[in-house]
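Remarks on the overall topology
So you can see what is in the structure, the chains are spelled out below.
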Amino acid sequence: MKKYDAIVIGAGHNGLCNAAYLAKAGLDVLVLERNPYIGGATVSRELHPGWKYSNCSYVCSLLRPEITRDLELPRHGLQVIPYEGGVTFTRDGDYFGNYGDHERQYREMARHSVRDANAYDRFSANVMRQTRLIRKYLMTTPPDPTSFKPRDIKGLLELAESFTDMGDEGLLDTLRFWTMSIGDYLDEYFETDLIKAHMAGSGIIGTALGVYSPGTAYVLLHHYMGDVDGSVGAWGFARGGMGAVADALASSLKSFGGEIVCDADVHRVIVRGGRAVGVALADGTEYHAGTVVSNLDPKRTFLECFDASDLPAEVVHRAKNFKIRGSSGKLNIALDGLPTFPAMPKSSTLMVSDMHASESLFELERAYDDWKAGTWSEDPYFDMLIPTQVDPTMAAPGKHMMTVFVQYCPPTLADGPWTPEKCDAFGKTVLDKISRYSPDFKDLVLDVEVRTPHEIDNEVGLTEGNIFQGELTFDQLLFNRPFPGYAQYRGPVQGMYMCGSGTHPGGGVMAAPGANAAREILMDLKKPNVVPEGYLDD
Amino acid sequence: MSLRPHDERMVMPTPFAPRVAALCQTNDWYTWAGYTTPNTFEEVGLEYFAMRNSTGVFDLSPMTKYRITGPDAEAFLNRVMVRDVRKIKPGRVGYTVWCTDEGMVHDDGTIFHLAQDDYRLCAQERCMDWLHWSALGFDVEIVDETAGIAALAVQGPTSCATLRNMGLSGIENLKPFGVATFPFNGAELLVSRTGYTGDLGYELWIDAQQALPLWDALFAAGRERLIRPVGSEALGIARIEAGFIMAGEDFVPAEQVVRHGRARSPFELGLEWLVDFDKGPFTGRNALLKEKREGSRYRFVILDIEGNKPANHSFILDKHGRTIGHVTSAAWCPTAKSNIALASMNMPWGRDDDEMYAEIYYNRELHWTRLLSRCRVRRDPVFNPPRRRATPAQDL
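Residues numbered from 1 in each chain as written. Chains lettered and ligands numbered in written order. Predicted model: local features only at pLDDT ≥ 70, side-chain atom pairs only at ≥ 80, totals over all residues. Heavy atoms only, no water.

Regarding the overall build of chain B
Check the secondary structure of chain B and you find eight helices and 19 strands. The C-alpha radius of gyration computed for chain B amounts to 21 Å, which stays within 12% of the reference 21 Å derived for 396 residues, consistent with globular compactness. Put simply, of all contacts in chain B between residues at least 6 apart along the chain, 67% involve residues at least 24 apart. Accessible area of chain B: about 17,300 Å², with a carbon and sulfur share of 50%. When the 45 positive and 51 negative side-chain charges of chain B are each reduced to one mean point, those points stand 5 Å apart. (Helix = DSSP H or I, 4+ residues; strand = E, 2+ residues; numbered from the N terminus. Rg over C-alpha atoms; globule rule 2.2 N^0.38 Å. Contact = heavy atoms within 4.5 Å. Areas by Shrake-Rupley, 256 points an atom, 1.4 Å probe, with all protein chains shown as cover. Lys, Arg positive; Asp, Glu negative; His and termini not counted. Charge placed at Lys NZ, Arg CZ, Asp CG, Glu CD.)

Given below as structure tokens:
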């Protein structure tokens, strides 16, 4: 049987990115994907004839521009079109429009509070200060604070310098920011609950925490630290849906001679003499390689793909205790036309923005209470977009695709496991809520794909359906992601690496974990580095 | 609470929009604080010279205007401003800056002392959040008047005659930084002898409902005094000629600064004359005392630059070619016939006798030239005529 230089388990965006860089460096690389299609959670599928859904991830900002450029993803078909703004509908028939245009946004906020409208400048400058700190570390392996290797000491010194660069208050502000709740953070700036509720969404998306849970302020940062064409914090639509990202990465990988095999369900990483030497599929097929890289989350990687006896007990325990709680579901909807939201004109620029209908932090916290009680939120938070107003490729002209991210939705229910009936009931809760703000919406619905954490876990392979491959709390970030001592992409077994969002810098369609892992692998193999590193912004 | 209805317009018209739009022949607009505003009306030179030779009228309605009232209004303003606000008597206007606790400038603007316990703060940037933040413990009310008040700058040597002709009798006796009110069309017209041009000139403030009658009366009264509307480009030249700084150009408002250290203190903007350490505590005082003791990082200078190529965005170099500062605003000044730049110099540069050069690039028919033009520090603005201060104001 052919022996590869490297095998990557999982064709998510990070696996593909990792493989592309290994192949670019001249390695003979094989990517194995369990599903019949690639992409993981970065996927577009035609589940209703004529409609393409971004089934999981749905908008793009975090994908590192260094990678896009270096792997020539535009040449391989990727186009990201920015969109701006957001809207929160209110029960009284009004809405709060968070316009992309600063002055219009000011005017809209000033409807509620002149003070809040002005405070937004202070808020955005402070958040931007934090993004500038973290952005430096996205395309970098986190330094190990317990190590005395020159590269780690250098990395830690640079980290200290970054704090100094922020001024006297920099370290203090940062420690507060990384550990406080998004609710407490927003309370420091705004007095209007509706404005706070609108802003708070970014602090809880994908996170099994409430708006007043410590650590959620960082989650907001995680949604602000990307960029589209240099505009930090901007988001965009990938033309053709998020699968376009995976397709472009796969095309780039193939251009370097890499191979992808689908329907290949990896059952075990084969360990011999303390070394990973290949993988065995569920059907018994074996593939051999000197390097095995897992794009799977830490739980699936270490608890399912390894014999526990091949691993240090500490790693098994860490993996068991790794926090990867599913908190969200998703509805992908084929629409016969553009729904009407009577609160605002159809011509409003906000039709192309992210739409919500949670009016207060209290409501959001209540929605989280339901999750804790083991049910989906009776009055859920949603992040809803209609990308077909910008992207002509996802549905026929005049037809629309709607993507609705929904929170909260638990991985297991208090009254027993998920069933198709419960899944439908969850979907109905969301459809009913949307139709409260859009009376003609339900009449336009042609097809709905409902995804609870149960489907996301079983179909995509994200444990518990956690979209970030592990929660983005301070205890699981930087040199503690996924576990202390294992943050530099090397696994506990020689020749084995991790490249998924469970590693630094975490979830979102960023591809940085895949790239960073490739850099470490090439270093171990004593190959010249081909992976971009560091930070180019001023 | 019922909210104002949505207005789906992306950019708002000022109260003078119908007149401004009718006169804006260039159709050359930009957005100022969310309002449609002309860059030019007809030709920037004609507009500039209206301000220097007759009367130029600039619509400054988008300026931020806050009304600050209450028994503690004076104490509050004195607590947040670097200058002694108690010295601004009723009927007077004072130019001032306000700072962060770190002594960095939020913005500059004017305080109108309208009556006992009644002030208006007028500025380029918004500061409602900071004012409220600072008002804890003070019995004051702060109201945003920006949209409700229409404002015109009426600037130039025939401005006084124009206003007198409009029926504002005795206007010639209004001293610089004085405020007076006049009845107009059943409303109250507030006139201050203030401006952003360094010349004789006034600013008119009135209820937005009265904007069009005011414009019409003003232009009728000024026709024979050669009144002309001016856009922001012409005003931009006049203010550089007069040595006035502008938020967002010559400094970054402290609250908007992302990169540590990019804000400026009053000392670093040439405004030490405003800072009154003897008046008691005010926001930023400790930091400014420390800066006064230990020295500043930057020096603000007005530079007179050799040649006639404006030094926009230029680095300032020493004789060895090392960067020692940069230009923040620059213009060829047509009245003074000088090439002027406002610049931020790294300390200790910008002293009177320093040998300094502006690195200027210009393009003529695809041919780029790099100039190193000698700069000389000016102690005073290049344009500062006696008529600016003369009271009674002369009709020149």
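Having seen the structure, we can now continue with the description.
Observations concerning a nonpolar patch on the surface
Residues and elements named next belong to chain A. A contiguous nonpolar surface patch, about 360 Å² in accessible area, is contributed by Phe148, Ile153 and Leu157. Relative to the helices and strands, phenylalanine 148 resides in the loop between α4 (114-135) and α5 (150-165). With relative accessibility at 74%, the residue phenylalanine 148 sits in the exposed group. (Patch = residues over 30% accessible without salt bridge, like charges linked within 9 Å, V, L, I, M, F, W, Y side chains within 5 Å. Salt bridge = Lys/Arg side-chain N within 4 Å of Asp/Glu carboxyl O. Buried < 20%, exposed > 50% of the residue type's maximum accessible area, 1.4 Å probe, protein only.)

With respect to the interface of chain B and chain A
Counting residues at the interface gives 27 residues for chain B and 32 residues for chain A. Summed over both sides, the interface of chain B with chain A buries roughly 2,600 Å², with 48% coming from carbon and sulfur. Between chain B and chain A we count four salt bridges in total. In this structure, the salt-bridge partner of B:Asp129 is A:Arg122, at a minimum N-O distance of 2.7 Å. On the surface where chain B and chain A come into contact, there are 18 residue pairs in polar contact (both at pLDDT 80 or more). Counting residues per element, the side of chain B that touches chain A draws most heavily on helix α4 (residues 128-134) of chain B, which supplies five residues. (Buried area = accessible area lost by both parts, 1.4 Å probe. Polar contact = N/O pair within 3.5 Å; in protein donor to acceptor, adjacent residues only side chain to side chain.)

Regarding the domain arrangement of chain B
Assigned domains of chain B: these are domain 1 (17-64 + 147-230) and domain 2 (297-383). The distance between the C-alpha centroids of domain 1 of chain B and domain 2 of chain B comes to 32 Å. (Domains from an automatic or database assignment.)

What to know about the environment of B:Val93
All names here are of chain B. Turning to its location among the elements, valine 93 is positioned in strand β5 (residues 92-99). According to the relative accessible area criterion, valine 93 is buried, its value standing at 6%. C-alpha of valine 93 to C-alpha of threonine 110: the two residues are 17 residues apart in sequence and 6.5 Å apart in space. The residues touching valine 93, leaving out its near neighbours within four places in the chain, are Ile88, Thr110, Ile111, Phe112, Phe177, Val179, Ser192 and Thr194.

What to know about the layout of surface pockets
The volume enclosed by the second largest pocket comes to roughly 1,600 Å³. The wall of the second largest pocket is formed by 47 residues, among which A:Arg129, A:Glu169, B:Thr100, B:Asp101 and B:Glu102 lie closest to the centre. Those elements giving two or more residues to the lining of the second largest pocket turn out to be α4 and α6 (170-179) of chain A together with α3 (73-80), α4 and α8 (285-294) of chain B. Tallying contributions element by element places α8(B) first for the lining of the second largest pocket, with five residues. Here the residues of the lining of the second largest pocket are counted per class, giving 15 nonpolar, 13 polar and 19 charged. (1 Å grid on protein atoms, 1.4 Å probe; cavity = no way out; pocket = protein on both sides within 12 Å on 5 of 7 lines; lining within 4 Å. Points joined across faces, edges and corners; volume = space filled by probe spheres on them. Nonpolar A, V, L, I, M, F, W, Y, C, P; charged D, E, K, R; others polar.)

So, unusual backbone geometry
Residues and elements named next belong to chain A. Residue arginine 481 is joined to proline 482 through a cis peptide bond whose omega torsion reads -5 degrees. Here proline 482 is to be found in the loop between α16 (453-460) and β20 (496-498). Not every positive phi belongs to a glycine, and aspartate 229 is a case in point at roughly 50 degrees. Mapped onto the secondary structure, aspartate 229 falls in the loop between β8 (227-228) and β9 (231-232). The backbone of alanine 511 shows a phi angle near 70 degrees, a positive value even though the residue is not glycine. Owing to a relative accessible area of 0%, alanine 511 belongs among the buried residues under this scheme.

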